[in-house]
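Working through the structure, step by step
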Amino acid sequence: MKRVRVLVRVVAIIALLAFGSSALEAQQANNTKPAAEARIESNVIYGMYSGLALLMDVHHSSHPNGYGVILIPGSGWLAPLGYDAAPLKNETLQVNLFSTPLLAAGYTVFVVDHRATPRFHYPAPVEDAQRAVRFIRFHARDYGINPGRIGAMGYSSGANLASMLGVLDGKGDPADPDTVNHESARVQCVVSGGTPSDLTTTQTPAGVAFISTYIGKPFFPGNKQMTEGYKDFEDASPLFHVAAGDPPFFLFHGEKDTLVPIDQAERFEQALEKAGVPAKLVRIPNATHVSLILPDGPDFLGDAVRWFDQYLKAASN
C-alpha cells in the first residue's frame with residue numbers, strides 16, 4: 001500500500017509539472033499578459049485551519065462593475081510540500097489567462113489558495129472554496145460587489161471545485177460563532193474548463209493518480225467493489241449533485257483532452273440540461289488538457305465573460 005501511495009504522488013507531481021511547462025508554452029505563443037491597470041491586494045486571509053492561514057489575492061479592475069468572481073487555478077488538487085513552495089494562487093499562467101478578460105470587463109477577481117494533497121484530502125479543498133465564498137460575501141461591501149451575485153471560475157481540478165460551489169447547497173450556519181460562516185457558499189454562475197465532473201469513470205494512469213491522492217484512497221477503474229470508500233469518489237464529483245435550481249454553467253473543453261476526456265463535459269452538460277439548468281459546452285478542436293489557446297480556436301474566454309454578463313450581472317439588474 002505504501003508503494004502505491006508513493007507511486008500515486010510521483011505521477012501526480014510529474015503531471016503537474018507537465019501542465020505548468022505546456023501552459024507556459026501556450027501562453028508565450030499567444031502573448032497573454034495580465035491587465036496592466038489592475039490593482040492586486042495580496043495575501044488576504046479568508047480563514048484559518050489549525051493555525052494555518054488560507055490566503056487569497058484580490059484583483060481589482062480599473063473600472064469595477066460591482067460583481068465578483070472567485071477563480072480557482074487547477075493543480076491536480078496538489079501543492080508542493082516545501083517551505084519555499086509557491087502558493088496555488090501564484091500560478092500566474094492560469095491566473096493571467098483567466099483573470100485578464102474578467103478584469104477588462106470590470107469584474108473583481110478573487111484568486112484563492114486551498115488545502116491540497118498530499119497533506120490534505122477531500123473534502124478539505126471543497127470546504128476551503130466554500131469558506132472563501134462566505135468570506136467574500138460577508139465582506140462584499142468592502143470589495144464593492146453584489147453579495148447576492150458571485151460567480152466562480154476554474155480549470156481542471158479548479159473547475160471541479162468551482163463546479164462544486166454551484167451544485168452544493170452551501171447553506172450557512174446561523175449558530176456558528178464565526179459570523180462569516182453564517183453566509184451561503186453557493187455561487188450564482190459557474191464557468192469551468194477541463195472539468196473532472198465524474199471521478200468514478202477516470203481511466204488514465206495520471207488521472208487515477210490525481211483522484212486517488214485527492215480522495216486519499218486507491219481507485220481501481222471499473223471496479224467498484226475493490227475501491228474503498230467508493231461513495232467518496234461520487235461525493236467529490238459535481239455530476240452526482242446536479243439538481244433543478246443550480247446556477248447556469250458554461251463549460252469549455254479540449255476535444256483531444258486525454259487526461260480529462262471531453263465526455264466528462266458532455267455528460268455534465270446533459271445532466272444540467274436535463275435538470276433544467278442553463279448550460280453551454282464549447283468544444284475546442286485539437287486542444288489537449290494543456291494546449292487550450294489555439295490560433296484558430298473559439299473565443300471561449302470572450303464567451304465566458306459574456307456568460308457572466310448574461311447570467312450574473314444582467315440577471316440582477
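Here the residue numbering is sequential within each chain, running from 1 through the sequence in written order. pLDDT decides what is reported in this predicted model: residues at 70 or higher carry local features, side-chain atom pairs at 80 or more are listed and counted, and totals for whole chains, interfaces and linings draw on all residues regardless. Just so you know, side-chain values use all the structure's heavy atoms and leave hydrogens and water out.

As a further point, take the pattern of salt bridges. Salt bridge criterion: a side-chain nitrogen from Lys or Arg within 4 Å of a carboxyl oxygen from Asp or Glu. By the definition in use, this model includes 13 salt bridges. Among the ionic pairs, R131 bridges to D178, the shortest N-O distance being 2.7 Å. Here R131 is found in helix α3 (residues 124-138), whereas its partner D178 is found in the loop between α5 (157-167) and β6 (189-193), with 47 residues between them in sequence. Of the charged contacts, one joins R186 and D246 as a salt bridge, the two residues approaching to 2.7 Å between their closest N and O atoms. Of this pair, R186 sits in the loop between α5 and β6 while D246 sits in the loop between α7 (230-235) and β7 (249-254), and the two are 60 residues apart along the sequence. The pair formed by R186 and D246 is uniform in burial state, with each residue classed as buried. Sharing partners across several salt bridges, the network here consists of R115, E127 and D128. Helix and strand labels come from DSSP, where a helix needs a run of H or I of at least four residues and a strand needs a run of E of at least two; each type is numbered from the N terminus. Buried means the residue's accessible area, taken with a 1.4 Å probe over protein chains only, is under 20% of the maximum for its type, while exposed means over 50%, and partly exposed covers the values in between.

Moving on, we get to the packing of aromatic side chains. The criterion for an aromatic pair is that two Phe, Tyr or Trp rings (for Trp, the six-membered ring) have centres within 6.5 Å, with stacked assigned to planes under 30 degrees apart, edge-to-face to planes over 60 apart and tilted to the rest. A full pass over the atoms with the stated rule returns 14 aromatic pairs. Between the aromatic rings of W77 and Y214, the centroid separation amounts to 4.2 Å while the plane-to-plane angle is 0°, which identifies the pairing as stacked. Highlighted residues: W77 in the loop between β3 (68-72) and α2 (92-104) and Y214 in helix α6 (residues 205-215), separated in sequence by 137 residues. For Y214, a relative accessible area of 0% gives the class buried. Each ring is checked for a lysine NZ or an arginine CZ that lies within 6 Å of its centre and within 35 degrees of its normal; such an atom marks a charge sitting over the ring. When the ring centre of Y49 is taken as origin, the NZ or CZ atom of R115, which lies over that ring, is 3.9 Å away. Positioned over the ring face of F120 is R119, at 4.9 Å from the centre of the ring.

Pairing between two strands is assigned when DSSP locates at least 2 bridges connecting them. The strand order across the open sheet built from eight strands is β1-β2-β4-β3-β5-β6-β7-β8, with neighbouring strands paired in mixed fashion. The sheet terminates laterally at β1 (39-49) and β8 (279-284), the two strands that pair on one side only. Ignoring strand direction, the axes of neighbouring strands in this sheet form an average angle of 20°. Inspection of the sheet shows strand β2 (residues 52-60) paired to strand β4 (residues 108-112) by four bridges, in the antiparallel sense. Residue pairing for β4: V58 is matched across the bridge by F110. Working rule for contacts: check all heavy atoms of both residues, and any pair within 4.5 Å makes them a contact. Axes, fitted as lines to C-alpha atoms, cover a helix only where it is in contact. Angles between the N-to-C directions of the axes lie from 0 to 180 degrees. Against the sheet, α5 makes contact with β3, β5 (150-155), β6 and β7, and its axis sits at roughly 150° relative to β5, the strand it touches most.

Let us look at the nonpolar core. What makes a nonpolar core is a set of buried Ala, Val, Leu, Ile, Met, Phe, Trp, Tyr and Cys residues whose side-chain atoms join them at distances within 4.5 Å. If you look at the biggest cluster of nonpolar residues, it comprises 51 residues, and the most contacted ones within it are M56, I70, Y143, L165 and Y214. If one sorts the elements of this core by residue count, α3 sits on top with six residues. Beyond its immediate sequence surroundings of up to four residues, Y143 is in contact with E41, V44, M56, V58, H60, T108, F110 and F135.

Here the focus is the packing of α2 against helix α9 (residues 300-313). The interhelical angle for the contact between α2 and α9, taken along N-to-C directions, is 50°, at an axis separation of 10 Å. In terms of orientation, α2 lies oblique with respect to α9. α2 and α9 meet at a crossing whose hand is right-handed. Residues L97, F98, P101 and L102 of α2 pack against F300, L301, V305 and F308 of α9. Here the word oblique covers every angle except those under 35 degrees (roughly parallel), over 145 (roughly antiparallel) and from 65 to 115 (roughly perpendicular). If you view the pair so one helix is near and one far, a crossing is left-handed when the near helix is turned anticlockwise from the far one by less than a right angle, and right-handed when it is turned clockwise.

Turning next to unusual backbone geometry. Along the chain, T117 connects to P118 via a cis peptide bond; the corresponding omega equals 5°. Its place among the elements puts P118 in the loop between β4 and α3. For the bond from Y122 to P123, the omega torsion is 10°, close enough to zero to count as cis. In this structure, N43 is a non-glycine residue whose phi angle is positive, near 60°. Looking at the element boundaries, N43 is found in strand β1. In the Ramachandran plot, N286 falls in the positive-phi region, its phi being about 65° despite a non-glycine side chain. Within the secondary structure, N286 sits in the loop between β8 and α9.

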